[in-house]
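Understanding the architecture of this molecule
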Amino acid sequence: MAKITASVFTSHVPAIGAALDLGKTQEPYWQPLFKGYEYGKQWMKDNKPDVVFLVYNDHATAFSLDMIPTFAIGTAAQFQPADEGWGPRPVPVVHGHPELASHIAQSVIQQDFDLTIVNKMDVDHGLTVPLSLMCGQPPADKFEWPCPVIPFAVNVVQYPVPSGQRCFNLGKAIRKAIESYDEDINVHIWGTGGMSHQLQGARAGLINKEFDNAFLDKLISDPQAAADTPHIDYVRDAGSEGIELVMWLIARGAMNDVNGGKAPILKKRFYHVPASNTAVGHVILENQF
Ligand code: DHB
Ligand code: FE
């Protein structure tokens, strides 16, 4: 049967993609940030999964105010990097896993979560920047992402957004779905977005190190406490875009320890401010069996 071997958590920022794409990673502003991902890139090589289930948010790229799915699962065979206004990023096409994605859709919908099934979708920086951070950035024409990726888009852009508790419970349902897939494959589940940031209004530029580090503590050691945090706390303390952090709880809810198993091993914890307007956090947890 399929099993979830690890969860990976990382912020996304479009400027990180631009720094990678324009060869600026060794500039003094960016060097400390990319240094924080050196371990993760090697770890990905050493622990290559068969599939990544990647929880992220679309930024009015594939979806607009015309249609706002709360939870959307990508079931296509391929997802093109999106043009977000300055041309698509020069990164490889993302190959999906239609069989596993369809199985997860069937199982999770039958566990009473309403997913939108997406058979055609371009993927924006919310998905491609975490992939670049963890998998590196050789030239797109000579490089494939290391494995198929199932995109799972969460609405954290237009209110109403899902609660942290609902995201945590959804992670548990996704875990059940993956564990009932009849093939011996290893799956990573990634939670992306966050940490504290606010991109508009009077508080634009807000970053809250104290909140972020307390969130990382809870994410690692007391995820139920993180799930108990009401969405208004994220907005007040972590800024309007800090709400992206609820997506991390989907990945955390899929881990062994919150489903009757052993505590995970913390392989990496990294925090850096700022990257563009955003506080960047990164955690790797390995399941123990
Ligand atoms: C920035 C951060 C985001 O999460 C995003 O989606 C867009 C921009 C920023 O910090 O610039
Ligand atoms: Fe974002």
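My aim in this report is to walk through the structure given alongside it, one point at a time. No experiment lies behind these values; they were computed from the predicted model shown.

1. Overview of the sheet that holds strand E7 (residues 149-154)
An order of E6-E3-E7-E2-E8-E1-E10-E9 is seen for the eight strands of this open sheet, with the pairing classed as mixed. What marks the edges here is a single partner per strand, and that holds for strand E6 (116-118) and strand E9 (265-275). Each adjacent strand pair in this sheet contributes to an overall mean axis angle of 20 degrees, direction not counted. As defined by bridge partners, strand E3 (residues 71-74) adjoins E7 across three bridges and the pair is classed as antiparallel. Opposite Phe71, over in E7, you have Val154 as the bridge partner.

2. Topic: the packing of helix H7 (residues 209-221) against helix H10 (residues 246-253)
When two helices pack together, their arrangement is given by the angle between their axes and by how far apart the axes lie. Two elements in contact, H7 and H10, have axes separated by 10 Å at closest approach and are oriented at 20 degrees. When the axes of H7 and H10 are compared, the pair comes out roughly parallel. Every pair of crossing elements has a handedness; the one defined by H7 and H10 is right-handed. Side by side, H7 and H10 meet where Phe215, Leu216, Leu219 and Ile220 of the first sit next to Trp248, Leu249 and Arg252 of the second. Considering only residue class, the contact of H7 with H10 consists of six nonpolar, no polar and one charged.

Cut-offs applied
Residues numbered from 1 in each chain as written. Chains lettered and ligands numbered in written order. Predicted model: local features only at pLDDT ≥ 70, side-chain atom pairs only at ≥ 80, totals over all residues. Heavy atoms only, no water. Pairing = 2+ DSSP bridges. Helix = DSSP H or I, 4+ residues; strand = E, 2+ residues; numbered from the N terminus. Axes fitted to C-alpha atoms, helices over the stretch in contact; angles between N-to-C directions. Parallel < 35°, antiparallel > 145°, perpendicular 65-115°, else oblique. Left-handed = near helix turned anticlockwise from the far one by under 90°. Contact = heavy atoms within 4.5 Å. Nonpolar A, V, L, I, M, F, W, Y, C, P; charged D, E, K, R; others polar.

On their own, these measurements won't tell you what the molecule is for.
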